Amino acid sequence: MYSQGLIGADGQTNETPEFLETFQKRIDAEEKVEPTDAMPEGYRRTLVRQIGQHAHSEIVGMLPEGNWITRAPSLRRKAALLAKVQDEGGHGLYLYSAAETLGVSREEMTEELHSGKAKYSSIFNYPTLSWADIGTIGWLVDGAAIMNQIPLCRCSFGPYARAMIRVCKEESFHQRQGYEIIMTLAQGTPEQKEMAQDSLNRWWWPSLMMFGPHDADSEHSDQSMTWKIKRFTNDQLRQKFIDATVPQAEYLGLKVPDPDLKWNEEKGGYDHGEIDWDEFWRVVKGHGRMNRDRIKDRRAAWERGAWVREAALAHAEKRRARKIAAE
Amino acid sequence: MTVYHALLELADDHLVLGHRLSEWCGHAPMLEEDLAMPNMALDLIGTARTLYDRAAALEGKGRSEDDMAYLRDERAYRNCLLVERPNEDFAHTVLRQLYFAAFMHPYWIAAQDSTDGVVRGVAGKAVKEMAYHIRHAGEWVIRLGDGTEESAARMRDAVEALSIYVDELFDSSPAAREAEAAGVLPVRADLRTQWDKTIADIFGEAALTLPEAPYPQRGGREGLHGEGLGHLLAEMQSVYRAHPGAQW
């Protein structure tokens, strides 16, 4: 899954014009920036923020899906969902490692998540209320993630770009798996079809919000584009997502919950209704239905596991001491 | 029919334990364990699926693996009591895993000579899985047993709580005895020596001792479970049962 359009990174930087110019030339020549290379402080900060948000999103994203592992309605689905949630955890691990190359530890990032300082994708502040939501998350949420992440495979920062290649392959598998869940429901009993439609109704708008604010309201897009951390604007990616997804819904016989949605021949894409940005900002600022529960759950897991992590360290220390004593 | 029942016992063990492990998903003490536990759960559920499928074929009533898993009540479940024990804390969870894997590893080694082709197939794969479950859970038992004061105390509590469920692993129900006599499944009692050795080696490093269990708990193979299994099944079966006949 994915961190939405970057929230609140500070791209300010203080280097000499000569340094910045040389750096920009490397970026423009499509050279990858590696962790040990000199880089502007603003570039480093933006990446730490973005990769951290992305990693946190993967980890928090395990919760709404984990909510259905114990109730998955067939053994095949149960196994597939377990494997998927495990993939998301793997992405988190990968991304924390990529962020660590920039000089910030996983512990620091975890603390920032728990204190509310670091953000994660707001989509996970919506609850999963039926089995269909597991399909919809794969289809729409992972689908939106792919739109965002494919360009990140060409991100100027090497470790992030390389991590994204593997992550995108797995996400694309998740997206197809999610679509297949929804297809099975859409072709199933009337109750199953209703479950699928209700799920689409609830997740459609939050999925569109995953791409972040309109370009006109996006504070830090320009600098990220210049540094080639970002390749497309929020609105461009959102449009691509809508154009790809609407025909999929039509194929399933499901109705996209937007009365203003219509094909615009001239632009070769769909026009859509206005997104409720009040809702977007409300949830980003911590007032969605699940914000508090998600952080509470993450903190509880962390605190309940403290004695385990302490024991592992203590044991490693004892082993080391015994080895030295034996030598 | 008796081989069918014996396979069902084995399948239920794997599904119930896999389900218990899956309850940890997203709530583990560290990210690495959030990856490791679903991995082990997947091994167990995978084995359960093949065994249900084989049992259903032997039964010959056209039931599916999902009918087996989702349409039987707790009295019809035949898993041993150990696997249904609640997660409690990480110490209980890794010890339960170690106890089970230390039993199943020699079991699958022996089952590679089964007269049943499907059982042989499962054994070939599961023997490798159980070896790493022993390694993973065993390493944790050692770290926690020989870690901090708190972790050692929690580990001793887990040993105290779970050891009364060990003897049942080695009992063969009448159905299992017939399957054993037919060469389909290994004789459970024969595996005790190996289990004792595996546990003694790990407990030696973990500064733990295996207590005597003068009053072992039994009954799972007759469908006489603790109260926790009913809740596990109610949750697991809820969606499937709410939509009879639906495809998922």
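Residues numbered from 1 in each chain as written. Chains lettered and ligands numbered in written order. Predicted model: local features only at pLDDT ≥ 70, side-chain atom pairs only at ≥ 80, totals over all residues. Heavy atoms only, no water.

A. Spatial organisation of the overall build of chain B. In terms of regular secondary structure, chain B is built from ten helices and zero strands. Reading chain B from its N terminus to its C terminus gives the helix and strand order α-α-α-α-α-α-α-α-α-α. Structurally, chain B occupies a C-alpha span of about 55 × 40 × 35 Å along its principal axes. Split into buried and exposed, the 248 residues of chain B put 58% on the buried side. Once local pairs closer than 6 in sequence are excluded, the contacts in chain B between residues at least 24 apart make up 80%. Surface summary for chain B: the accessible area is close to 9600 Å², and the carbon and sulfur share equals 51%. Of the side chains in chain B, 24 bear a positive and 40 a negative charge, and the two mean positions are spaced by 4 Å. (Helix = DSSP H or I, 4+ residues; strand = E, 2+ residues; numbered from the N terminus. Buried < 20%, exposed > 50% of the residue type's maximum accessible area, 1.4 Å probe, protein only. Contact = heavy atoms within 4.5 Å. Areas by Shrake-Rupley, 256 points an atom, 1.4 Å probe, with all protein chains shown as cover. Lys, Arg positive; Asp, Glu negative; His and termini not counted. Charge placed at Lys NZ, Arg CZ, Asp CG, Glu CD.)

B. Structural context of helix α8 (residues 174-181) of chain B. Residue and element names in this part refer to chain B. Within the span of α8, buried status applies to Ala175, Ala176, Ala179 and Glu180. Looking down the long axis of α8, one finds its buried residues gathered within 135° of arc, a one-sided arrangement. Away from the buried face of α8 by more than 90 degrees, exposed residues Pro174 and Ala181 are located. Directly beyond the C-terminal end of α8, a positive phi value near 80° is found at Gly183. (Arc of directions from axis to C-beta.)

C. Region of the structure containing the interface of chain B and chain A. Contact residues are listed per partner, giving 48 residues for chain B and 49 residues for chain A. Summing the contributions of chain B and of chain A, the shared interface buries around 4000 Å²; its carbon and sulfur component is 67%. Our count for the chain B to chain A interface comes out at four salt bridges. Close ionic contact of Asp146 of chain B with Arg322 of chain A constitutes a salt bridge, the shortest N to O distance being 2.9 Å. Applying the counting criterion to the chain B and chain A interface returns 16 residue pairs in polar contact (both at pLDDT 80 or more). If you list the elements that add at least two residues to the side of chain B that touches chain A, you get α1 (2-22), α2 (31-59), α3 (65-70), α5 (90-111), α6 (117-145), α7 (149-162) and α10 (228-242) of chain B. (Buried area = accessible area lost by both parts, 1.4 Å probe. Salt bridge = Lys/Arg side-chain N within 4 Å of Asp/Glu carboxyl O. Polar contact = N/O pair within 3.5 Å; in protein donor to acceptor, adjacent residues only side chain to side chain.)

D. Examining the packing of helix α2 (residues 41-66) of chain A against helix α11 (residues 291-304) of chain A more closely. All names here are of chain A. Between α2 and α11, the least distance of the axes is 10 Å, while the angle of their chain directions is 105°. Between α2 and α11, the crossing angle belongs to the class labelled roughly perpendicular. For the pair α2 and α11, the contacting residues are Ile59, Val60, Leu63 and Pro64 in the first and Arg294, Asp297 and Arg298 in the second. Its residues placed into classes, the contact of α2 with α11 shows four nonpolar, no polar and three charged. (Axes fitted to C-alpha atoms, helices over the stretch in contact; angles between N-to-C directions. Parallel < 35°, antiparallel > 145°, perpendicular 65-115°, else oblique. Nonpolar A, V, L, I, M, F, W, Y, C, P; charged D, E, K, R; others polar.)

E. Structural detail: the packing of aromatic side chains. Counted according to the given criterion, the structure contains 18 aromatic pairs over all chains. Ring plane angle 45° and centroid distance 5.4 Å describe the contact between Phe211 of chain A and Phe241 of chain A, whose orientation is recorded as tilted. Placement of the pair is Phe211 of chain A in the loop between α7 (190-209) and α8 (221-226) and Phe241 of chain A in helix α9 (residues 234-252), with a sequence separation of 30 residues. Ring centres 5.5 Å apart and planes at 85° place the aromatic pair Tyr107 of chain B and Trp108 of chain B in the edge-to-face group. A single burial state applies to Tyr107 of chain B and to Trp108 of chain B, both of which are buried. Among the aromatic side chains, those forming a connected cluster through ring pairs are Tyr99, Phe103, Tyr107, Trp108, Phe170, Trp195 and Phe203 of chain B. Across the ring face of Trp140 of chain B, the terminal group of Arg143 of chain B is positioned such that the distance to the ring centre comes to 4.5 Å. (Phe/Tyr/Trp six-rings, centres within 6.5 Å; stacked < 30°, edge-to-face > 60°. Lys NZ or Arg CZ within 6 Å of the ring centre and 35° of its normal.)

F. Representation of unusual backbone geometry. Residue and element names in this part refer to chain B. With phi around 55°, Glu88 is a residue other than glycine that occupies positive phi space. Relative to the helices and strands, Glu88 resides in the loop between α4 (81-84) and α5. The phi angle at Ala207 is positive, at roughly 55°, despite the residue not being glycine. By the element assignment, Ala207 lies in the loop between α9 (192-206) and α10. A relative accessible area of 58% places Ala207 in the exposed class.

G. Representation of the packing of helix α3 (residues 75-100) of chain A against helix α5 (residues 131-152) of chain A. Residues and elements named next belong to chain A. Their axes nearest at 12 Å, the elements α3 and α5 cross at an angle of 45°. The angle between α3 and α5 places the two elements in the oblique class. Viewed along their axes, α3 and α5 form a crossing whose handedness is left-handed. On the side of α3, the interface is formed by Arg77, Leu81, Lys84 and Glu88, while α5 contributes Trp131, Ile134, Ile137 and Asp142. Among the residues forming the contact of α3 with α5, the class breakdown is four nonpolar, no polar and four charged. (Left-handed = near helix turned anticlockwise from the far one by under 90°.)

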